[in-house]
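A structural walkthrough
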Amino acid sequence: EMDAALTLKSQQLAFFAQDELVSIIPNRHMHILHFLNGDFGPFAPDEEVDVPLWLALQMKKNRQCKIKAPEWLNVEYLKTVEAEEIARSAAVASSGSAPPAENRLPFYWMEIATAFLDDAASDLINPAEIRRLIESIWMNKTSRMRKNIITVAQTPVPIASIDFSGEGLGAMEINTILPLFVETMNQLRHLEEDAAPPVRSAPSRRQGGGAGRTK
């Protein structure tokens, strides 16, 4: 029940990612398209224009354009990210910590990459290698985060000192590890409460100096 309440389905995250802008190269003239979330176009052959990912994929399906892959969605850049993630995982395994990620990916990197690989692979260079790199990066990032959370649970550190900001987490990673993280934080909070010294109540003042006064 907790998992269902805290996490979103992968289809929901993919839906949110569809509003990210990408560049397309149209192959025909088209007027401006009007939608609730904005106007896009006009379109002319071989002239790049930015549109939401969902529109780019629909136009691709209709053979009206090619989609330009984001600058990070290529083998060279992803190999750099993969090498860094492998090194950071090794650092966590040996010393328990890793330096902040340098080669960042966008928040919806997994969703965008999956959309390209599933519906626009022909617009990617070496999509098979890109898929392998995406899977490798994903496995390294999520595995390391799970280990980090377990380490936190086994280490007597204040909850307020826990910081994962250097990980550069994306939507899908957060969604995957959130139930484990929340459960771990709840257990740590209970442990901190159990370890806290009991609060002593102040002694009440006795009224009067004895059982009573005699005249």
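Residues numbered from 1 in each chain as written. Predicted model: local features only at pLDDT ≥ 70, side-chain atom pairs only at ≥ 80, totals over all residues. Heavy atoms only, no water.

1. Examining the side chain of Thr142
To be explicit about the condition: In this text, helices come from DSSP runs of H or I with a minimum length of four residues, and strands from runs of E with a minimum of two, each type numbered from the N-terminal end. Only protein chains enter the accessibility calculation, which uses a 1.4 Å probe; a residue is then buried when its area is under 20% of its type maximum, exposed when over 50%, and partly exposed in between. In protein, a polar contact requires one atom able to donate a hydrogen and another able to accept it; more generally it is a pair of N or O atoms within 3.5 Å, and residues adjacent in sequence count only if both atoms are side-chain atoms.
Take Thr142: it is sitting in helix α6 (residues 127-154). You can call Thr142 buried: its relative accessible area is 3%. There is a polar contact of 2.8 Å between the side chain of Thr142 and the backbone oxygen of Trp138.

2. Focus on the environment of Glu111
Spelled out, the test is: The contact rule is simple, with two residues in contact once any of their heavy atoms fall within 4.5 Å.
By secondary structure assignment, the location of Glu111 is in helix α5 (residues 109-119). Among residues more than four places away in sequence, those in contact with Glu111 are Leu13, Ala14, Ala17, Ala171 and Met172.

3. A short note on unusual backbone geometry
Residue Pro42 follows Gly41 across a cis peptide bond; omega there is 0°. A positive phi is found at Arg63, a non-glycine position, where the angle reads about 60°. In the Ramachandran plot, Asn126 falls in the positive-phi region, its phi being about 60° despite a non-glycine side chain. Among the residues examined, Asn126 registers a relative accessible area of 40% and is labelled partly exposed.

4. Remarks on the nonpolar core
In plain terms, the rule: What we call a nonpolar core is a set of buried Ala, Val, Leu, Ile, Met, Phe, Trp, Tyr and Cys residues that are connected through their side-chain atoms within 4.5 Å.
With 39 residues, the main nonpolar core has Ile24, Ile67, Leu73, Leu78 and Phe116 as its most contacted residues. Here the element with the most residues in this core is α5; it accounts for 7 residues. The contact partners of Ile67, leaving out residues within four places of it in the chain, are Val22, Ser23, Ile24, Ala56, Leu57, Lys60, Phe116, Ala120 and Asp123.

Such coordinate-based values are descriptive only and should not be taken to indicate function.
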